Amino acid sequence: MARDAELDRLKTAQDLAFQRKQDAYQVLDRASKQRSKTRDAQSRAHGEKQRAYAAQNSSWQDYQRVRSNNGPRIDSLNTQQERAYENMKRAFDSASSAHDRRDGAAASSYAAQGHASKAESQGYVAERRRLVQEIRDARERHEATKPAFARAKEGFTAAKLASDQAKAKHEPAQEKFKSAKAAFDKTTAAFRTRLEKVRAESTKRKDDKRSVAEKAGVPLQYRDNVWVSKDSNGNTNIYFGGIGKPNGPGHGHYVMDRSGKVTYKREVHDAHGAQNFEKSTDAALLYTRSARSGHLPSGTNNHGGVFYRRSDSGGTALHITQYFDDGYHVSWDATPTGNSNVHWTNKNVSKGHPDRYVPPSDAVL
Amino acid sequence: MIRKYADNSDILEYLESFTSSIARVLENASTVNWDDIAGICDQRYYSLNQKQNEPVPLNTYLLDSIYTESVNVIEDQGKGKTDR
C-alpha cells in the first residue's frame, strides 16, 4: 500500500493524542492515590476524635454523677456536724456549770455527752471530706481528658484540610483525562476512517492495474503484481515477473499505446531486441524497457516517425533519450539490428568532470 | 543557432544540456517540445565525436516541424483560437 500523507498526519495526531492521554492518566493516577490516602487519614483522625470525645464525655458524666450523689449528702453532713458541734458546746458548757456548782456527777455526765458529740461531729467531718475528695477526683479525671480531645480535634481539622486539597486536585485531573481520552478516541476514529479509505483506494488501484494487465494479456500468474507507468507519449508500460519486484531483474515488459493496442511484448527472462516489437505497417515508435536495472526512467523521449530509413546518409531517424530522477541521462540511436551511439551523461557534474560520461552502476545499455 | 553550429560538438552539447534542463522545468507546460530539440542536439553532437562512423545528419526535418508548430500556435493565439 503506497504511503498516504493524510494517513501519516492522522497517525501522528493519534500518537500525540495517545501520549497526552497517557500523561493525563499519570496525573490522574497520582491525584487518585493522594486523595485516597488523605481520605483514609481523615477517617482515622475522625475515629480518634470520636474516641477522645467519648472518653471526655464519659468522665464528665461520671463527674456529674459523683456531684449529684455526694452533694446532698455533704449538705446533710454539714447540718449534722453543725448540730453535733452545738450539742458538744452545750454539753461542755453544762459540764463546766455543774463543775462550778460542785456537782461532780452532773459534770462528768455532761462531759461525756460533750465528748460523744465531739466524736459524732468529727465523724461527720471525715465523711464530708471523703465525699468532697471524691468530687475533686472525678473533676480531675474529667480535666485530664480535655487535652487528648483538643489534639484529636486539631488532627482531624488538618486531615480534613489535606483531604479537601487532594479532592481539589483530583477532580480537575479527572476532567482533563476525560477530555484527553475523548480527543484520542476522535483521532483514532479519524485514522481508522482514513485507513479504510486508503485501503479501498489501494484495492481499487490494484484492481485497476490488474484490469490493465488483463487487457494487455499479461500472463495470469503475474496479473496481481504488476508495475504500471505511463510515459509522455501516453503509452502504458506494464512490468511484471521481476525478481523481488515486478520491475526487478529479468522482468517482462508489455507496452500498450493510447488506443489499447499492444505494441511491444517481452516475456519474463526473454532477451531484449527488435523481435519484441509487434509488427505494424504504420510508422512505429520504439518502446523500450529501462536502460537501468535499478531505476525506471522519469521520462522517455524519442523522435523520428520511421523506424529505420535506408534512403538517408546511413544514419537512423530514430533517437531515444531516457532521463532519470537521479540526474542520469542516456541516449542512443535505435535500429532493428540493435542500438548504436549509446551514451550516458551524468547531469550532476559539469562538462570536463571525469565522471560526466560514466554510466551508472545499474546501466544495462 | 542549432543550424548555424551544426558541426560544432561543444556548442551542440551545451545546447543539449540547456534545452533538456528547460524541458525538465517546463515538462508539458510549453508549446515547444524542448525534449525533441535536446534530442536533435544530443544525436548530432555525440555522433560528431565518434570517429569510426559518419556523423548522423542534423534532423532538420524535426527542427522545421517544431518551428512550424510554434508559429501556428502563436498565430492561433493571436486569432484567439487557443488558450495555450
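Residues numbered from 1 in each chain as written. Chains lettered and ligands numbered in written order. Predicted model: local features only at pLDDT ≥ 70, side-chain atom pairs only at ≥ 80, totals over all residues. Heavy atoms only, no water.

### Some words on the overall build of chain A
Okay, step 1: For chain A, the count of helices and strands is 2 helices and 8 strands.
Okay, step 2: Starting at the N terminus and walking to the C terminus, you meet the elements of chain A as α-α-β-β-β-β-β-β-β-β.
Okay, step 3: A total of 365 residues make up chain A; the buried ones form 37% of that total.
Okay, step 4: Intrachain contacts of chain A at a sequence separation of at least 6 include 49% that bridge at least 24 residues.
Okay, step 5: Summing over all exposed atoms, chain A offers an accessible surface of approximately 21,800 Å²; the carbon and sulfur share of this is 51%. (Helix = DSSP H or I, 4+ residues; strand = E, 2+ residues; numbered from the N terminus. Buried < 20%, exposed > 50% of the residue type's maximum accessible area, 1.4 Å probe, protein only. Contact = heavy atoms within 4.5 Å. Areas by Shrake-Rupley, 256 points an atom, 1.4 Å probe, with all protein chains shown as cover.)

### Some points on the overall build of chain B
Okay, step 1: When you go through chain B residue by residue, the secondary structure sums to 3 helices and 0 strands.
Okay, step 2: When the elements of chain B are put in sequence order from the N terminus, they spell out α-α-α.
Okay, step 3: Taking all 84 residues of chain B together, 42% fall into the buried category.
Okay, step 4: Contacts in chain B between residues at least 24 apart in sequence constitute 52% of all its contacts with a sequence separation of at least 6.
Okay, step 5: On chain B, roughly 5,100 Å² of surface is accessible, and the fraction owed to carbon and sulfur atoms is 52%.

### Describing the interface of chain B and chain A
Okay, step 1: At the interface, 22 residues of chain B touch 20 residues of chain A.
Okay, step 2: Summing both sides of the interface, chain B and chain A together bury roughly 1,600 Å²; the carbon and sulfur share of this comes to 43%.
Okay, step 3: Here chain B and chain A share 3 salt bridges between them.
Okay, step 4: As a salt-bridge pair, Lys351(A) and Asp10(B) come within 3.1 Å of each other at their nearest N and O atoms.
Okay, step 5: Inspection of the chain B/chain A interface yields 11 residue pairs in polar contact (both at pLDDT 80 or more).
Okay, step 6: Secondary structure elements with two or more residues in the side of chain B that touches chain A: helix H1 (9-26) and helix H2 (34-49) of chain B.
Okay, step 7: Broken down by element, the side of chain B that touches chain A gets its largest block of residues, 9 residues, from H2(B).
Okay, step 8: For the side of chain B that touches chain A, the class distribution of residues is 6 nonpolar, 8 polar and 8 charged. (Buried area = accessible area lost by both parts, 1.4 Å probe. Salt bridge = Lys/Arg side-chain N within 4 Å of Asp/Glu carboxyl O. Polar contact = N/O pair within 3.5 Å; in protein donor to acceptor, adjacent residues only side chain to side chain. Nonpolar A, V, L, I, M, F, W, Y, C, P; charged D, E, K, R; others polar.)

### So, the side chain of Asn346(A)
All names here are of chain A.
Okay, step 1: Note that Asn-346 resides in strand E8 (residues 338-346).
Okay, step 2: A polar side-chain atom of Asn-346 sits 3.5 Å from a polar atom in the side chain of Tyr-328.
Okay, step 3: In this view, Asn-346 contacts Gly-327, Tyr-328, Asp-355 and Arg-356; residues no more than four positions away in its chain are not counted.

### Here we look at the sheet that holds strand E2 (residues 236-240) of chain A
All names here are of chain A.
Okay, step 1: The strand order across the open sheet built from 4 strands is E1-E2-E3-E4, with neighbouring strands paired in antiparallel fashion. Looking at strand neighbours, the two that pair on one side only are strand E1 (226-230) and strand E4 (262-266), the edges of this open sheet. Going across the sheet, the axis of each strand differs from the next one's by a mean of 15 degrees, ignoring polarity.
Okay, step 2: Direction of pairing for E2 relative to strand E3 (residues 252-256): antiparallel, over a ladder of 5 bridges. When the sheet's bridge partners are listed, Ile-238 is paired in E3 with Tyr-254. (Pairing = 2+ DSSP bridges. Axes fitted to C-alpha atoms, helices over the stretch in contact; angles between N-to-C directions.)

### Here's the deal with helix H1 (residues 5-100) of chain A
All names here are of chain A.
Okay, step 1: Along its 96 residues, H1 runs 138 Å from first to last C-alpha, staying within 8% of the 142 Å computed at 1.5 Å per residue.
Okay, step 2: The axis of H1 is deflected most strongly, by about 30 degrees, at Asn-70, and proline Pro-72 appears within four residues downstream.
Okay, step 3: Directly after H1, the chain includes Arg-102, whose backbone phi takes a positive value near 65 degrees. (Expected span 1.5 Å × (residues − 1). Bend = angle between axes of the 7 residues up to and from the residue.)

### Focus on the pairing of E1(A)
Residue and element names in this part refer to chain A.
Okay, step 1: Note that E1 and E2 share 5 bridges and pair antiparallel. From the neighbouring strand, Ser-229 faces E2, where its bridge partner is Asn-237.
Okay, step 2: What sits between the antiparallel neighbours E1 and E2 is a turn of 5 residues, in which Gly-234 has the positive phi angle 85 degrees.

### Observations regarding the packing of aromatic side chains
Okay, step 1: In this structure the tally under the stated criterion is 10 aromatic pairs over all chains.
Okay, step 2: Here Phe324(A) and Trp344(A) contribute two aromatic rings whose centre-to-centre distance is 6.1 Å and whose plane-to-plane angle is 25 degrees, an arrangement assigned as stacked. With a gap of 20 residues between them, Phe324(A) in the loop between strand E6 (319-323) and strand E7 (328-335) and Trp344(A) in strand E8 connect regions that are remote in the sequence.
Okay, step 3: Judged by relative accessible area, Phe324(A) falls into the buried class, the value being 5%.
Okay, step 4: Residue classification places Trp344(A) among the buried residues on the basis of a relative accessible area of 4%.
Okay, step 5: Judged by centre distance (6.4 Å) and plane angle (75 degrees), the ring pair of Tyr328(A) and Trp344(A) falls under edge-to-face. Of this pair, Tyr328(A) sits in strand E7 while Trp344(A) sits in strand E8, and the two are 16 residues apart along the sequence.
Okay, step 6: Chaining the aromatic ring pairs together yields one cluster made of Tyr222(A), Phe240(A) and Tyr254(A).
Okay, step 7: When the ring centre of Phe324(A) is taken as origin, the NZ or CZ atom of Arg292(A), which lies over that ring, is 4.9 Å away.
Okay, step 8: If you follow Arg24(B) out to its NZ or CZ, it ends over the ring of Tyr323(A), 3.4 Å from the centre. (Phe/Tyr/Trp six-rings, centres within 6.5 Å; stacked < 30°, edge-to-face > 60°. Lys NZ or Arg CZ within 6 Å of the ring centre and 35° of its normal.)

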